[in-house]
Amino acid sequence: MKRGNGRLKPLFDAGIIGGGVIGLASAYFLAKAGIRVAVFESGKTGSGASSAAAGMLGAHTETEKDDAFFRFAKESQALYPGLAHDLLLESGIDIQLQYNGMYKLAISAEEADALKKRAKTEKDVEWHSKEKVLRNEEGISDSIYGALKIEKDGQVNPAALCKAFTKAIQLMNGKIFENTPVYKINRVEHSHYEIETPQDLFFCEALILANGTWSSRYLKDFARNTSVYPAKGECLSVTLKEGKLSSTVFHESCYLVPKLDGRIVIGATMKEDTWNTEPSVQGIAALMNKAVKMMPAIEKASFHHAWAGLRPKTADEKPFIFRHQGIPNLFVATGHFRNGILLAPKTGEMILDLFFNRQVTEEYVHAFRMDRALEVRL
């Protein structure tokens, strides 16, 4: 116990700054291992970029390289069935995991050639001719050349995932402090961290920075080689009046994600270096135009609503996941960009392993370290 504001306060094993999906996943795996955790969130858990996400588990959509990031993403994707089962038992909340597959469309002959080559060299994907695609998904535009079918790609409900994490953490005696912005973090030499909030002063033996776009505020003090900045993403949802969509459909930067409640989520734009979280007419109109080209029936769909979120982007678009080598008991899990939902389980596992000084796959330590060589930001 430590004394704060004249009274004794609990000393948590780990304080997590940020109640988005990455902070919650980290807290969940730690709490499950018996660690006394406290999550500090300036708003409601999952209310930022996490809930703004479409919830795709598409390891193949973000990269065409068989590199550490791709392997990390695939491992994280593979953790979801077990995680969904555990969260349902622990929290009573269904995260709506479904493996409906994904079609990556070819709109030109050049795109078709490139996707056919991928089908010959990559596992878990296959080329579907235009005729086969249209047999499976009648509503897709007949102007396509075909598509790459990725059977193992799926999706979850991001809001349900964050709620399940939150409830499970609390049931495992973890503490969630919502509407609790962190004003200042002090490192007490050879001892612990003091976390100053408007409500109180909290004490934690270890600190995990996982507050997405806003993590740069603290990174500049603790990890000067890291940088995270906002990349606004806009989405909208519609309900079809005719036809249906079973698989997620993707082309370039636009995707159509069919949800269990009948909605189709359409995303996403990207605008860098803005803190504005309001969807714009320009952005939503551009998404609608792209969506109609992929699936003409969307032109007659009923509009549901539009929203936006700020993705935490790094110079090389890869996350930072590391234990600081110079500052005791400091961990960072941020910069997941478009892939927070996909990478959350594996990130939580990696933070747990780092916390206990357990062996972590060397290529992941290397790929997500603080001092990696970053590409020049354009």
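Basis of the calculations
Residues numbered from 1 in each chain as written. Predicted model: local features only at pLDDT ≥ 70, side-chain atom pairs only at ≥ 80, totals over all residues. Heavy atoms only, no water. Core = buried A, V, L, I, M, F, W, Y, C linked by side-chain atoms within 4.5 Å. Buried < 20%, exposed > 50% of the residue type's maximum accessible area, 1.4 Å probe, protein only. Contact = heavy atoms within 4.5 Å. Helix = DSSP H or I, 4+ residues; strand = E, 2+ residues; numbered from the N terminus. Polar contact = N/O pair within 3.5 Å; in protein donor to acceptor, adjacent residues only side chain to side chain. Phe/Tyr/Trp six-rings, centres within 6.5 Å; stacked < 30°, edge-to-face > 60°. Lys NZ or Arg CZ within 6 Å of the ring centre and 35° of its normal.

**Focus on the nonpolar core**
With 53 residues, the main nonpolar core has Leu30, Val37, Tyr80, Leu87, Leu161 and Phe165 as its most contacted residues. Filtering out sequence-adjacent residues up to four positions away, Leu30 remains in contact with Ala14, Ile16, Ile35, Val37, Ile208, Ile351, Leu352 and Phe355.

**Description of the side chain of Arg311**
Mapping Arg311 onto the fold places it in strand 19 (residues 302–313). Residue classification places Arg311 among the buried positions, given a relative accessible area of 11%. A polar atom in the side chain of Arg311 sits 3.0 Å from the backbone oxygen of Thr269. Leave out the neighbours within four places in its chain, and Arg311 touches Thr213, Tyr229, Pro230, Ala231, Lys232, Gly233, Ala268, Thr269, Met270, Phe337 and Arg338.

**A closer look at the side chain of Thr180**
Its place among the elements puts Thr180 in the loop between strand 10 (175–177) and strand 11 (184–188). Setting aside residues up to four positions removed in sequence, Thr180 forms contacts with Phe40, Glu41, Ser42, Thr197 and Gln199.

**Here's the deal with the packing of aromatic side chains**
The description of an aromatic ring pair rests on the distance of the ring centres and on the angle between the ring planes. Counting across every chain of the model gives 13 aromatic pairs. On the basis of an interplanar angle of 70° and a centroid distance of 6.3 Å, the ring pair of Phe12 and Phe177 is categorised as edge-to-face. Within this pair, whereas Phe12 is found in strand 3 (residues 11–17), its partner Phe177 is found in strand 10, the two being separated by 165 residues in sequence. On the basis of relative accessibility, which here comes to 7%, the residue Phe12 falls in the buried class. Given the relative accessible area of 22%, Phe177 is considered partly exposed. Within the aromatic cluster, the residues linked to one another by ring pairs are Phe12, Phe40, Phe177 and Phe202. Its end group placed over the ring of Phe337, Lys313 keeps NZ or CZ at 5.4 Å from the ring centre. Just above the ring of Phe69 sits the side chain of Lys318; from NZ or CZ to the centre is 5.1 Å.

It is worth stressing that arrangement in space is one thing and function is another; only the former is reported here.
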